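Secondary and tertiary structure notes
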Amino acid sequence: MAEVTVRNIVKRYGSVQVIHGVNVDIADGEFVILVGPSGCGKSTLLRMIAGLEAISGGEISIGGRVVNDVLPKDRDIAMVFQNYALYPHKNVADNMGFSLKIKGRPKAEIEAKVKKAAEILDLGKLLDRFPKQLSGGQRQRVAMGRAIVRDPQVFLFDEPLSNLDAKLRVAMRVEIKELHQRLGTTIVYVTHDQIEAMTMADKIVVMRDGKVEQVGAPLDLYDNPGNVFVAGFIGSPAMNFIKGKIGSKDGRQVFVSDAGSVLPVEGRAQDGQPVIYGIRPEHIDIAPDGLPATVSVLEPTGSETQIFAKFGEDPIDAIVKDRLTVRPGEEVRLKIDSRRVHIFDRQSGARL
Ligand SMILES: Nc1ncnc2c1ncn2[C@@H]1O[C@H](COP(=O)(O)OP(=O)(O)OP(=O)(O)O)[C@@H](O)[C@H]1O
Ligand SMILES: [Mg+2]
């Protein structure tokens, strides 16, 4: 096991710079997830940690050793990719043991390690099967088995679940989390699925345009996003944002949208200050003393109902536990939990 340190990392492809001085500290045994929009540099950063991509500037250390010039095979890491191509003509046991075989490890050792990995991943009964005789989730577990047998200091995963269907993805999410709890190995995991990030990570690194926007524990990012970007990226469905400014009504500070809606805030900004108002759909409820809103669309999922509505001209999205009988065009009363309102500076996007 080992800690991973990423210091002022820069990556250029020719004249194009795609990573702009990234710093990340990953503790020994920590499960760290890199998230961010497509093209923000997640895979590039992971591949630089793996040694599959040259580093243009800065320093990466694994277990206290600077690895900038260390070959991938000597970094003591194992990587699992999105398309985890297994060898089609080798059975499960041979697929898992192959990396040890080419290293020339003794047969007995390979068998023992494959057996142990198979136990961990519940593949014991499938060792003689060929990849085409396995389900998607089983194949994914074999791919993880190949990484586990190498007993690396660090696991690197690049969107390993994105090819699986929704149900399997949830199951594998739980399995990877259990695997981490059992082995305690440091994991750096890339995804753009923020549910995966929220549920699996000890720590999330939110990236945008080759820079780190914020680092924190999942619930910390959810509760205290540092800016509009992180607030909009973490949480599903996404936070509502309404542009306007701070005003006052009946001696109390309120938010007044550009379109004229008046919404509750708990005093934090200066009167007249241009701001962006943020409220998560799950922090809005139906209540008799709520504000009147016109329903546009209802999406019942069984366990809850998502309401797309409008306060005057301002679209607002709410999630409630109730089943609703209202129809599009009708009015509901939506109550905003003012303690959960986030106020951001309109210019910089920083949270106030
Ligand atoms: N070999 C390359 N040559 C030039 N540019 C590249 C190369 N590989 C990646 N890039 C660019 O680097 C940026 C970061 O790419 P990267 O693959 O790291 O993004 P990502 O965050 O993993 O995105 P995704 O979520 O789509 O996988 C992108 O703008 C991409 O076009
Ligand atoms: Mg990628």
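Time to look at the packing of aromatic side chains. Counted according to the given criterion, the structure contains seven aromatic pairs. Relative to Tyr 189, the ring of Phe 157 lies with its centre 5.6 Å away and its plane at 40°, an arrangement referred to as tilted. Taken together, the residues span a long stretch of sequence, with Phe 157 in strand β7 (residues 154-158) and Tyr 189 in strand β8 (residues 186-190) at a distance of 32 residues. Classification of Tyr 189 as buried rests on a relative accessible area of 0%. Considering the side-chain rings of Phe 229 and Phe 233, the 5.8 Å spacing of their centres and the 20° angle between planes classify their relative orientation as stacked.

Residues in contact with ligand 1, as listed here, are Tyr 13, Val 18, Pro 37, Ser 38, Gly 39, Cys 40, Gly 41, Lys 42, Ser 43, Thr 44, Glu 159 and His 192. Between Tyr 13 and ligand 1, the recorded distance is 3.4 Å, taken from a side-chain N or O atom to a nitrogen atom. In the environment of ligand 1, an oxygen atom lies 2.5 Å from a nitrogen or oxygen atom belonging to the side chain of Ser 38. Protein coverage of the free-state accessible area of ligand 1, which is 650 Å², stands at 56%. Of all the elements, helix α1 (residues 42-50) adds the most residues to the shell around ligand 1, at three residues. Classifying every residue of the shell around ligand 1 by side-chain character gives four nonpolar, six polar and two charged.

A few words now on the sheet that holds strand β1 (residues 4-13). Strand order in the open sheet formed by four strands is β2-β1-β4-β5, with antiparallel pairing between adjacent strands. Strands at the two margins of the open sheet, each flanked by one partner only, are β2 (16-26) and β5 (65-66). Where β1 and β2 come together, eight bridges link them in antiparallel fashion. Bridge pairing in β2 places Tyr 13 opposite Val 16.

With that settled, the discussion passes to α1. Burial of α1 is extensive: seven of the nine residues sit out of reach of the surface. Every buried residue belonging to α1 is among Lys 42, Thr 44, Leu 45, Leu 46, Met 48, Ile 49 and Ala 50, and all of these are buried. One or two positions beyond α1, positive phi appears at Gly 51, with a value near 90°.

We note that the domain assignment places domain 1 (4-233) and domain 2 (240-345) within the protein chain. The gap between the C-alpha centroids of domain 1 and domain 2 is 39 Å. Contact with domain 1, which involves eight residues of that partner, is made by eight residues of domain 2. Here domain 1 packs against domain 2, burying approximately 660 Å² in sum over the two surfaces, 61% of which is carbon and sulfur. Three residues stand out in domain 1 for area buried against domain 2, namely Tyr 222, Val 228 and Ala 231, and they jointly supply 73% of the buried area on that side. Between Arg 340 and Asp 223 there is a salt bridge, with the nearest N and O atoms lying 3.8 Å from each other. Inspection of the region where domain 1 meets domain 2 yields two residue pairs in polar contact (both at pLDDT 80 or more).

What follows concerns the sheet that holds strand β15 (residues 284-300). Taken in spatial order, the four strands make up an open sheet running β17-β16-β15-β18, and their pairing is antiparallel. Looking along the sheet, the strands with just one partner apiece sit at the ends: β17 (314-320) and β18 (331-336). With direction set aside, neighbouring strand axes in the sheet form an average angle of 50°. Note that β15 and strand β16 (residues 305-311) share six bridges and pair antiparallel. Opposite Glu 299, over in β16, you have Gln 306 as the bridge partner.

The interhelical angle for the contact between helix α4 (residues 136-148) and helix α5 (residues 166-183), taken along N-to-C directions, is 25°, at an axis separation of 11 Å. Comparing the axis directions of α4 and α5 gives the class roughly parallel. Crossing angle aside, the handedness with which α4 passes α5 is right-handed. Here α4 contributes Gly 136, Gly 137, Gln 140, Arg 141, Met 144 and Ile 148 to the contact with α5, which in turn contributes Leu 168, Met 172, Glu 175, Ile 176, Leu 179 and Leu 183. Here the contact of α4 with α5 is built from residues that sort into seven nonpolar, three polar and two charged.

Calculation notes
Residues numbered from 1 in each chain as written. Chains lettered and ligands numbered in written order. Predicted model: local features only at pLDDT ≥ 70, side-chain atom pairs only at ≥ 80, totals over all residues. Heavy atoms only, no water. Phe/Tyr/Trp six-rings, centres within 6.5 Å; stacked < 30°, edge-to-face > 60°. Helix = DSSP H or I, 4+ residues; strand = E, 2+ residues; numbered from the N terminus. Buried < 20%, exposed > 50% of the residue type's maximum accessible area, 1.4 Å probe, protein only. Near = heavy atom within 4 Å. Polar contact = N/O pair within 3.5 Å; in protein donor to acceptor, adjacent residues only side chain to side chain. Areas by Shrake-Rupley, 256 points an atom, 1.4 Å probe, with all protein chains shown as cover. Nonpolar A, V, L, I, M, F, W, Y, C, P; charged D, E, K, R; others polar. Pairing = 2+ DSSP bridges. Domains from an automatic or database assignment. Contact = heavy atoms within 4.5 Å. Buried area = accessible area lost by both parts, 1.4 Å probe. Salt bridge = Lys/Arg side-chain N within 4 Å of Asp/Glu carboxyl O. Axes fitted to C-alpha atoms, helices over the stretch in contact; angles between N-to-C directions. Parallel < 35°, antiparallel > 145°, perpendicular 65-115°, else oblique. Left-handed = near helix turned anticlockwise from the far one by under 90°.

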